[in-house]
Each structure stands twice: as C-alpha cells, then as structure tokens.
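Read off the chains here:
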Amino acid sequence: MLRLITGIAGPSGFGSASTAEQVTHGIDASSLTAIVTGGASGIGLETARVLALRKAHIIIAARNMEAANEAKQTILKENKSARVEILKLDLSSMKSIKAFADNFLALNLPLNILINNAGIMFCPFQLSKDGIEMQFATNHLGHFYLTNLLLDKMKETTKATGIEGRIVNLSSVAHICPYWEGIQFHNINDKNSYQDKLAYGQSKLANILHANELSRRLQEEGVNITVNSVHPGLIMTNLMRHSALLMRILRVFTCFLWKNVPQGAATTCYVALHPSLKGVTGKYFVDCNEFKPSKLAQDEVLARNLWDFSNNLVNASQKIDKQNTVLGNATSY
C-alpha cells in the first residue's frame, strides 16, 4: 500500500507513478504487430498510442468505428509515421469476434502481441447476443474466443520470426470480490442472483484464470508465447459509466489510490514490451511488478474447469448460430 501511495518503484524499477512512455523508453518495437481490444478510448487508446510511438504496427479493435477512427487520427496527428489500422469488434457477439478474426487474418500480417483490454463494468443485468450474462460474455468469454481464434497465427509468427509472442489480459483488483464460489458455472445467466459488482469481480477473476491456464497449455506445448494478466489501477474512464457517481464519491476519499490514464496504461505496456519479462508467463502484475493474486485466482482446478466451461459456451453459441443460419436460409425460399 505504501508503494502504491508514494509511487516508489518496485523491483522492476517502476511503480504506480510510472507512465506508459516511461516504462517503454528506448524500446524498439518496429518488428512487432499488436492488437489492442478497446483501443479507441481510455487506457486502451493510450496503450495503442504508446506502442505506436515505439514503432509497433497497431490494430485497434473496437465496437464503435467512429471512435476508433478518431483514435487513429489522434495517434497519427502526434506521430505521422505511425502504423495504425482499425477493425470492428463487438466482444459480446461470437459472430462479430469470428468476423474480426477473419478480417485480421485476411490482412496477412504477423501477430506478436494480443492485448485483451476491452471491458464493461457494473452494468445492469442483460444477456449478450448469444444469451450469456453481459459482463462475463464481454470481459472474459469474448476474449477467450478471440484468443483461441488468433492463437495459430501467433504460433506461426513466433515460429517464423523467433520473436516471443505475448498475450496480456487486463484484469482488476476486483478479482478478489467475485461470487463466493468464484465462477457461477451452474447459474451464469441467473437474473435473480445477479449482482453487478460481484459479476464484474467474477469476470476479472476469469481473466486471470484464463491467462494462467493458457500459459500452462502453451508451456506444455513448448510454444514461445507468454500469457500474463495485469491490474491497471483505478482510473476514471468510460468503463465506469454505469457507476460514475459512486466512483466520484469514492475518489474523494481514496484520491491517493487513483491514477491518470498514462499511468493506467503503464503496466499493460510494460508487460507487453519490456525485455526483462522475456520468458515470464502465468503471472499477475500490479504497478509494473509481479504481485500475488487471490487464492481463487491461483486455483489450477478452477482454471481448468473455466476453460472447459468457456469452450462449451462457445461451441453451444456456434451451434445455435448455425441452426439460425440454416433456418434463415430455409425461410428465404
């Protein structure tokens, strides 16, 4: 806590006061291609901006294409030589995720870095287009499916180039406050038991568990790709639109804990680019330093169960989508 309040650097040489530009100073990322989900605003935009500043080729994945284009122009205005593309991605829709992956693969670009940054927070109960509780669907399941769709491309890239691939999942300190069982496998869509803050905690716990299990699987394969999760810190962004008043009140009493956007993007950029983390995988980072997450987040059985559960949800959604397509084609005759 003292380190968080004072901004004193940790073992990495960086701390809570470090900015994304500071933690990537001197790094040449000109040979790297990175996807940043939710890169049209907030810390996602700052992450995309700084990675582009370090000469990486950036693909901003965003639901709002107008905002994504504005983000691209903002980056280009500052850095005329930046390489920035925008592609549409709605993480609450399996169909949109598949379309994004297909569109990216059609560009025939390498893929070195995947930053699963986008998310929603404390929203009222609603189901996604695939009938899954919205926070779980957007924050975890969408990124789970996206990562699986892009994994072969990352494997091909690292094999062809010899450059380590990196996947970064944005989690949150809120992962310590999920439902009591961690993940509500048996009633993920139960409106009656839904609590917006616990559901958010559940989705953020899932982000860490996903990173840990994917890391384990890639290590078993001997693949040169690392997977880590990060807590960016408390930052007032559009993510908090469903609880803006509550957060502003909270900020009055906890002002010393909050970061600005450049500080909020620091840990993501550090984990994505810093050479000192070569080979480091399956870890959780706070303020650019390794940190031990909750016991639930370290539960290997829970992580494997979540993997299987997520796969089943994805497969079920794809099956329903195929059935709907067949029915739609039949009724068109």
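Above this text sits the structure in question.
How each quantity is defined
- Residues numbered from 1 in each chain as written.
- Predicted model: local features only at pLDDT ≥ 70, side-chain atom pairs only at ≥ 80, totals over all residues.
- Heavy atoms only, no water.
- Helix = DSSP H or I, 4+ residues; strand = E, 2+ residues; numbered from the N terminus.
- Polar contact = N/O pair within 3.5 Å; in protein donor to acceptor, adjacent residues only side chain to side chain.
- Contact = heavy atoms within 4.5 Å.
- Buried < 20%, exposed > 50% of the residue type's maximum accessible area, 1.4 Å probe, protein only.
- Pairing = 2+ DSSP bridges.
- Right-handed = clockwise from strand over helix to strand, strands pointing away.

*Asks:* Please clarify how the side chain of Glu-213 should be interpreted in this entry.
*Replies:* Along the chain, Glu-213 turns up in helix α7 (residues 196-221). In this structure the side chain of Glu-213 is engaged in a polar contact, spanning 2.6 Å, whose partner is the side chain of Arg-216. At 2.8 Å, the side chain of Glu-213 and the side chain of Arg-217 are in polar contact. Leave out the neighbours within four places in its chain, and Glu-213 touches Ala-303, Arg-304 and Trp-307.

*Asks:* Quick question: what am I supposed to make of the pairing of strand β6 (residues 225-231) here?
*Replies:* Along any regular strand, the residues point their side chains to alternate faces of the sheet. With seven of seven residues buried, β6 is to be regarded as a mostly interior element. Pairing between strand β5 (residues 165-170) and β6: six bridges, direction parallel. Within β6, the position partnered with Ile-167 by the bridge is Val-227. What joins β5 to β6 is α7, and the crossover it makes is right-handed. Relative to strand β7 (residues 284-286), β6 runs parallel, the two sharing three bridges. Of the residues in β7, the one forming a bridge with His-231 is Val-286.

*Asks:* Is there a simple way to explain unusual backbone geometry in this structure?
*Replies:* Backbone geometry follows two general trends: most residues other than glycine have a negative phi, and most peptide bonds adopt the trans configuration. If you check the backbone angles, Lys-55 has positive phi at about 80° while not being a glycine. Phi at Phe-122 takes a positive value of approximately 60°, unusual for a residue other than glycine. Along the chain, Phe-122 turns up in the loop between β4 (113-116) and α6 (134-161). Judged by its relative accessible area of 10%, Phe-122 is buried.

*Asks:* Is there a simple way to explain the pairing of strand β1 (residues 33-37) in this structure?
*Replies:* Of all five residues that make up β1, five are buried, and the element is covered over most of its length. Alternating positions in β1 separate into two faces, Thr-33, Ile-35 and Thr-37 on one and Ala-34 and Val-36 on the other, with burial throughout. Pairing of β1 with strand β2 (residues 57-62) involves five bridges; the strand directions are parallel. Bridging from a neighbouring strand, Val-36 pairs with Ile-60 of β2. The handedness of the β1 to β2 crossover, carried by helix α3 (residues 42-53), is right-handed.

Shape is all these values report; function is a separate question.
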